[in-house]
There are 4 protein chains.
Amino acid sequence: MRKKLVLLASVLLMGLGSGHAGRLVTDSLQSQVLGAVRHYNVYLPNGYEKETDRQYPVLYLLHGLSDTHTGWEKNGRMKIVIDELIGSGECVPMIVIMPEAGGQPTSTVWNGYFNMEGWPYERFFFEEFLPHVEKKYRIIGDKEHRAVSGLSMGGGGSVVYCQRHPEMFSSCYALSGWLDQAVSDEMRKNTTSKHAIVSCSVHDHSAIEFLRKADDATKQKLRTVRWFIDCGDDDFLLEFNEDFHREMRRAGIPCEFRVRNGVHNWEYWHTGLRWSLPFVSRNFGK
Amino acid sequence: MRKKLVLLASVLLMGLGSGHAGRLVTDSLQSQVLGAVRHYNVYLPNGYEKETDRQYPVLYLLHGLSDTHTGWEKNGRMKIVIDELIGSGECVPMIVIMPEAGGQPTSTVWNGYFNMEGWPYERFFFEEFLPHVEKKYRIIGDKEHRAVSGLSMGGGGSVVYCQRHPEMFSSCYALSGWLDQAVSDEMRKNTTSKHAIVSCSVHDHSAIEFLRKADDATKQKLRTVRWFIDCGDDDFLLEFNEDFHREMRRAGIPCEFRVRNGVHNWEYWHTGLRWSLPFVSRNFGK
Amino acid sequence: MRKKLVLLASVLLMGLGSGHAGRLVTDSLQSQVLGAVRHYNVYLPNGYEKETDRQYPVLYLLHGLSDTHTGWEKNGRMKIVIDELIGSGECVPMIVIMPEAGGQPTSTVWNGYFNMEGWPYERFFFEEFLPHVEKKYRIIGDKEHRAVSGLSMGGGGSVVYCQRHPEMFSSCYALSGWLDQAVSDEMRKNTTSKHAIVSCSVHDHSAIEFLRKADDATKQKLRTVRWFIDCGDDDFLLEFNEDFHREMRRAGIPCEFRVRNGVHNWEYWHTGLRWSLPFVSRNFGK
Amino acid sequence: MRKKLVLLASVLLMGLGSGHAGRLVTDSLQSQVLGAVRHYNVYLPNGYEKETDRQYPVLYLLHGLSDTHTGWEKNGRMKIVIDELIGSGECVPMIVIMPEAGGQPTSTVWNGYFNMEGWPYERFFFEEFLPHVEKKYRIIGDKEHRAVSGLSMGGGGSVVYCQRHPEMFSSCYALSGWLDQAVSDEMRKNTTSKHAIVSCSVHDHSAIEFLRKADDATKQKLRTVRWFIDCGDDDFLLEFNEDFHREMRRAGIPCEFRVRNGVHNWEYWHTGLRWSLPFVSRNFGK
């Protein structure tokens, strides 16, 4: 028989998707390091509440400049993609942590993943935030089951975090990464513009310079991370990404590199999830 | 090493995209046929305002049940995709008309693309709406430069419009099409539920039955349209789409058919734009 | 400007590929069951000779009617694809066994994966061939690390082997599968045409009928296998594949299904490797 | 009814494909310029023999170093791909000309697309070969219906031909292009090694240097060609391709750029046909 009463089915399925729907939660912690409340979003895979003994791999998913912990869902619609990919098995069930490192960069809001005067964010991330969430949620919590990815400023953050803490992450996926930055003398002298301060911090943490200066021992550690660089052919940050990939080749560190069609926008990052989530999944330990 | 002041560039590019950004307009007309104001969205390609002599092909892009003319942008983010595809040449500059055939299907709001008692929507579409927009906007306005696509109820609408008016459209792309519907006696007798009435109208306009009954002359006309059927492997409407494709094969009418991974949701339709827009583009006349 | 002497590099790289090149071996065994020598091809992943303690998952990759154990490489160019996918991590290092179940179907050559009078191939495969290769090569040899895939007659073979031996395979990927066959009385009576005999055996092992008759216990066992059905939209076997997928849905057995563009040809199967190899990889046990 | 006699259908369809099968022809001409017979392959689309008044667009498809006019079919299997893409409408019916500019580069066999002492190939190509084939086959023969593509040495040839003859081609698609070459003094002095001579000719025709020296009028002419650069992330020629794309951006000449997964091998070029053929198709004039 070919015909069915699809209407009720329709209503149900529209709500339920494929039965692999995870859950998004907004949470927060009071940071001693930053002296402020920091919010974050958490994606919990389907079954998290039921399988109360099960621990999961974790992906830290970092937003870009001017954005917050809500961006990956509000603009990037990460949930509908990860639900689908877990459903088809292209992505393993994982917890995704979306921290906040910014907001609108007006004079009163800080931005950035690095330690800056008055904003020791990297210290907050590794000493306070990561231990907090890995305790609060059922996260396995070792290198083999921890990955980091991000877009633009968060792509730069992902790469630099893995360069400075290669013992902590199994893989890194940078989308349209802000991997270096030229700074003028004027920017250096400007101590009130948060934009200028963040730009200087990106320059001071140049992922490209890091590779140029790396000694053999450092390079060997970097080879324990699986790397993926992904940037649009019309992105204004493309050359930094190409330069980074060139340095990785010269250093003999395996690194996937893709240039897809696109600019520095949310369509690039939304579609990027179909690449990044399977990549970090298959590089999680068994 | 090549460094640049990317910050200003960043701000500019975030706003400008790739320089191929079109424009979305909400417009309306007072319908005599329906006795009501009907709204619609229009996508105008980049350059529309400047090249005041240029006429464009048109795509009618139909929404699904319970949705309105705003759905394809609000939920489906059609603009960011079509801007990108026109930019890379995968899609030709075209005008996209997104009509409204519904809204929340409460007792007081009608839905559907067919003529029903009290809601002669198909008549409205062909006698009033299409002539109106093709006059108001710089649309070429012949079969070779007119296409129709839609999702779910709008996918069914697209197919049926092309079956009944093959002389008007060069191509048809149906996403997760509601191409047939079983109806019970109860539904038949229910004259107050708009849901029941719409369901009966879908059954009465079954795209599958239409093919089964088509004579040779009709089949020959259908061969002047290029067809594309696209439905998710976990979609509750999949079998109707398979049955439709089978009948097309039996009738000897060329018809592309794809089953991609997915359910009846906006991620399927958002990604579907990367298939539908190039398809209708390459089937527009030269 | 960065220039380099690429010519020597070129010559070297053309030969070496990405450094992930595995090796193809042709081997054979004297079958007692079939009373004949049977050849097979083996793909051994890069490093197989060096890591002499390492055991690997195995994929049985079955050819189609009129073909032999050489088809997947000679026509399907499987080596260049699997080398690439292992290199990028989309596919795990595995051993691929390509058996021979046929040859040109003249009157003197048998074809087919099932037991037929005078050709007890299924018995040969499970009692003699599989134990032989899993002993001879360093294959892990349990359900969690064994998969089967094939094209056309081999797609049917894959599905039926998993239906009848679900305790042996973790996943099954059927390309353009010959999953059922109508047989006429004439074919039944023809005991000399190998074509007729094979066709009858396909009918007698109908993968679709198997599902229709399956009881709950059988269905439960089938759920321990991960299934993937992949068939071209212009393939003459498409309806059988659709029917199989429908029965899987009715039985509540998860089953991926894709209809891509294409016919019953080697381009479909060559590109299919980019889907099948990652699929069986991610369904191998940890 | 669900079942069918598929066997006969099978045999027929295996031979016929989707009914869009074109034809490959090997042809030759006696070159006065080169003083030798030159062979070439021609792809004629389905219907070429029947529609005797129809003229077609043309794609020149260039092979790489050490290869000949047979490489794109023998190693790249171009026919099965173009048949499929014409069948689905992703590629328009076109004639593809595959010239020969080489062979195994022993001391007695020349290679290369440029004029060298004793091997004035570029002059042969434009003065003798192109006029010959465009007269012999039903080729439209204007810029709007002529494109050029190639791999490696042929990718470099494609780009340089379009740089030096932008009035002749509507689009250019370079796969893994040999766009520049460092040369040592030793290579310069070596007048017997054909390898050294070809390498020097690539350096002397550097596509990157050409852009750096281009004046505004030249850049304006280059904007009348649609460009696409496509190179694998592990290809040894990647940096030349990145440098070329950078110069195109600086010159303000639109140029698509992609880095896909892969090395300098036939799988990259075979899959590249799915990008190049639609690209040149949509840039043919109407």
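Residues numbered from 1 in each chain as written. Chains lettered and ligands numbered in written order. Predicted model: local features only at pLDDT ≥ 70, side-chain atom pairs only at ≥ 80, totals over all residues. Heavy atoms only, no water.

Colleague: Is there a simple way to think about the overall build of chain A in this case?
Modeller: Counting its secondary structure elements, chain A contains 11 helices and 10 strands. Here the C-alpha atoms of chain A give a radius of gyration of 19 Å, agreeing with the 19 Å that 2.2 N^0.38 yields for 286 residues. With the C-alpha coordinates aligned to their principal axes, the bounding extent of chain A is approximately 75 × 40 × 35 Å. Among the 286 residues that make up chain A, the fraction classed as buried is 63%. Of the contacts made within chain A by residues no fewer than 6 positions apart, 72% connect residues no fewer than 24 positions apart. By element, 53% of the accessible surface of chain A is carried by carbon and sulfur atoms, the whole surface being about 10600 Å². (Helix = DSSP H or I, 4+ residues; strand = E, 2+ residues; numbered from the N terminus. Rg over C-alpha atoms; globule rule 2.2 N^0.38 Å. Buried < 20%, exposed > 50% of the residue type's maximum accessible area, 1.4 Å probe, protein only. Contact = heavy atoms within 4.5 Å. Areas by Shrake-Rupley, 256 points an atom, 1.4 Å probe, with all protein chains shown as cover.)

Colleague: Could you clarify how one ought to interpret the packing of helix α3 (residues 78–87) of chain C against helix α11 (residues 266–282) of chain C in this entry?
Modeller: Between two packed helices, the angle of one axis relative to the other and the distance separating the axes together describe the packing. Residue and element names in this part refer to chain C. Two elements in contact, α3 and α11, have axes separated by 10 Å at closest approach and are oriented at 40°. Between α3 and α11, the angle falls in the class oblique. Classified by chirality, the crossing of α11 by α3 is right-handed. Across the interface between the two elements, Met78, Val81, Ile82, Glu84 and Leu85 of α3 pack against His270, Leu273, Arg274, Leu277 and Pro278 of α11. (Axes fitted to C-alpha atoms, helices over the stretch in contact; angles between N-to-C directions. Parallel < 35°, antiparallel > 145°, perpendicular 65-115°, else oblique. Left-handed = near helix turned anticlockwise from the far one by under 90°.)

Colleague: Can you walk me through the environment of Phe129(D) in this structure?
Modeller: All names here are of chain D. Position of phenylalanine 129 relative to the elements: it lies in helix α4 (residues 121–136). Between the alpha carbons of phenylalanine 129 and glutamine 30 there is a distance of 9.6 Å; along the sequence they are 99 residues apart. Here phenylalanine 129 is in contact with Leu29, Tyr40, Tyr60, Ile97, Pro99 and Phe124, once residues within four sequence places are set aside.

Colleague: Could you clarify how one ought to interpret the packing of aromatic side chains in this entry?
Modeller: Aromatic rings in a pair are described by how distant their centres are and how their planes are angled relative to each other. Under the counting rule described, the total for this entry stands at 77 aromatic pairs over all chains. Ring geometry for Phe125(B) versus Tyr161(B): centroids 4.9 Å apart, planes at 50°, classification tilted. Residue Phe125(B) is found in helix α4 (residues 121–136), and its partner Tyr161(B) is found in helix α5 (residues 153–164); the two are separated by 36 residues along the sequence. The class of Phe125(B) is buried, set by a relative accessible area of 0%. By relative accessible area, Tyr161(B) is classed as buried at 0%. An aromatic cluster is defined as three or more aromatic residues linked by ring pairs; in this entry it consists of Tyr40(A), Tyr60(A), Tyr113(A), Trp119(A), Tyr121(A), Phe124(A), Phe125(A), Phe126(A), Phe129(A), Tyr161(A) and Phe169(A). Taking the ring centre of Tyr48(A) as reference, the NZ or CZ of Arg138(A) above it sits at 4.1 Å. (Phe/Tyr/Trp six-rings, centres within 6.5 Å; stacked < 30°, edge-to-face > 60°. Lys NZ or Arg CZ within 6 Å of the ring centre and 35° of its normal.)

Colleague: Any chance you could explain the nonpolar core here in plain terms?
Modeller: Inside soluble globular proteins, nonpolar side chains tend to come together where they are buried. Counting residues in each nonpolar core, the largest one holds 126 residues, and the members touching the most others are Tyr60(A), Trp227(A), Phe244(A), Tyr60(D), Trp227(D) and Phe244(D). With 123 residues, the next largest nonpolar core counts Val160(B), Phe244(B), Ala101(C) and Val133(C) among its residues. (Core = buried A, V, L, I, M, F, W, Y, C linked by side-chain atoms within 4.5 Å.)

Colleague: Looking at this structure, I do not really get helix α5 (residues 153–164) of chain A. What am I missing?
Modeller: Here α5(A) contains 12 residues, and its C-alpha end-to-end distance of 16 Å stays within 8% of the 16 Å for a straight helix at 1.5 Å per residue. Burial within α5(A) is extensive, with 11 of its 12 residues counted as buried. (Expected span 1.5 Å × (residues − 1).)

Colleague: Is there a simple way to think about the pairing of strand β2 (residues 36–44) of chain A in this case?
Modeller: A regular strand places its side chains on the two faces of the sheet in alternate fashion. Residues and elements named next belong to chain A. Across nine bridges, strand β1 (residues 23–31) lies against β2 in antiparallel orientation. Across the sheet, the residue bridging to leucine 24 is tyrosine 43, located in β2. Direction of pairing for β2 relative to strand β4 (residues 95–99): antiparallel, over a ladder of four bridges. When the bridges of β4 are listed, tyrosine 43 appears paired with valine 96. (Pairing = 2+ DSSP bridges.)

Colleague: Please clarify how the pattern of salt bridges should be interpreted in this entry.
Modeller: Pairing of side chains with opposite charge becomes possible as their charged atoms draw close. This model, assessed by the stated rule, comprises 84 salt bridges over all chains. Between Arg246(D) and Asp243(A) there is a salt bridge; the shortest N-O distance is 3.0 Å. In this pair, Arg246(D) is assigned in helix α10 (residues 238–251) and Asp243(A) in helix α10 (residues 238–251), connecting two distinct chains. Of the two residues, Arg246(D) and Asp243(A), neither departs from the other in class, the shared state being buried. (Salt bridge = Lys/Arg side-chain N within 4 Å of Asp/Glu carboxyl O.)

Colleague: Help me out: how do you make sense of unusual backbone geometry in this one?
Modeller: All names here are of chain C. The phi torsion at serine 176 lies on the positive side, around 50°, for a residue other than glycine. Of note, serine 176 is situated in the loop between β8 (171–175) and α6 (185–189). Looking at serine 176, the relative accessible area reads 0%, which means it is buried.

Colleague: What is the right way to look at the pairing of strand β9 (residues 226–232) of chain B in this model?
Modeller: All names here are of chain B. Burial analysis of β9 places six of its seven residues in the buried class, the great majority of the element. Of the strand pairs in this sheet, strand β8 (residues 171–175) and β9 are connected by five bridges, and their pairing is parallel. Bridged to leucine 175 within β9 is aspartate 230. In terms of strand pairing, β9 meets strand β10 (residues 255–260) through six bridges, oriented parallel. What sits directly across from isoleucine 229, in β10, is phenylalanine 257. Tracing the backbone out of β9, into helix α10 (residues 238–251) and back to the parallel element β10 gives a crossover that is right-handed. (Right-handed = clockwise from strand over helix to strand, strands pointing away.)

Colleague: Honestly, α3(C) in this entry has me stumped. Any pointers?
Modeller: Each α-helix winds once per 3.6 residues, and so residues spaced three or four apart point in a common direction. Residues and elements named next belong to chain C. Of all 10 residues in α3, nine are buried; the element is thus mostly enclosed. Where α3 is concerned, the buried positions are Met78, Lys79, Val81, Ile82, Asp83, Glu84, Leu85, Ile86 and Gly87. Downstream of α3 by one or two residues, glycine 89 has phi in the positive range, about 85°.

Colleague: Explain the side chain of Arg260(A) to me, please; I cannot follow it from the model alone.
Modeller: Within the secondary structure, Arg260(A) is located in strand β10 (residues 255–260). Relative accessible area serves as the criterion here: at 13%, Arg260(A) is assigned to the buried category. Within polar-contact distance, the side chain of Arg260(A) engages the side chain of Asp230(A) at 3.1 Å. In this structure Arg260(A) touches Leu175(A), Asp230(A), Cys231(A), Gly232(A), Asp233(A), Tyr268(A), Thr271(A), Gly272(A), Trp275(A) and Arg258(D), once residues within four positions along its chain are discounted. (Polar contact = N/O pair within 3.5 Å; in protein donor to acceptor, adjacent residues only side chain to side chain.)

Colleague: Sorry, what's going on with the confidence of the model for chain A here?
Modeller: In low-pLDDT segments, the atomic positions of the prediction should not be examined closely. In the predicted model, chain A carries a mean pLDDT of 92, and 91% of its residues have values of at least 70. For this predicted complex, the interface score ipTM comes out at 0.93, while the overall pTM is 0.94. (pLDDT = per-residue confidence, 0-100.)

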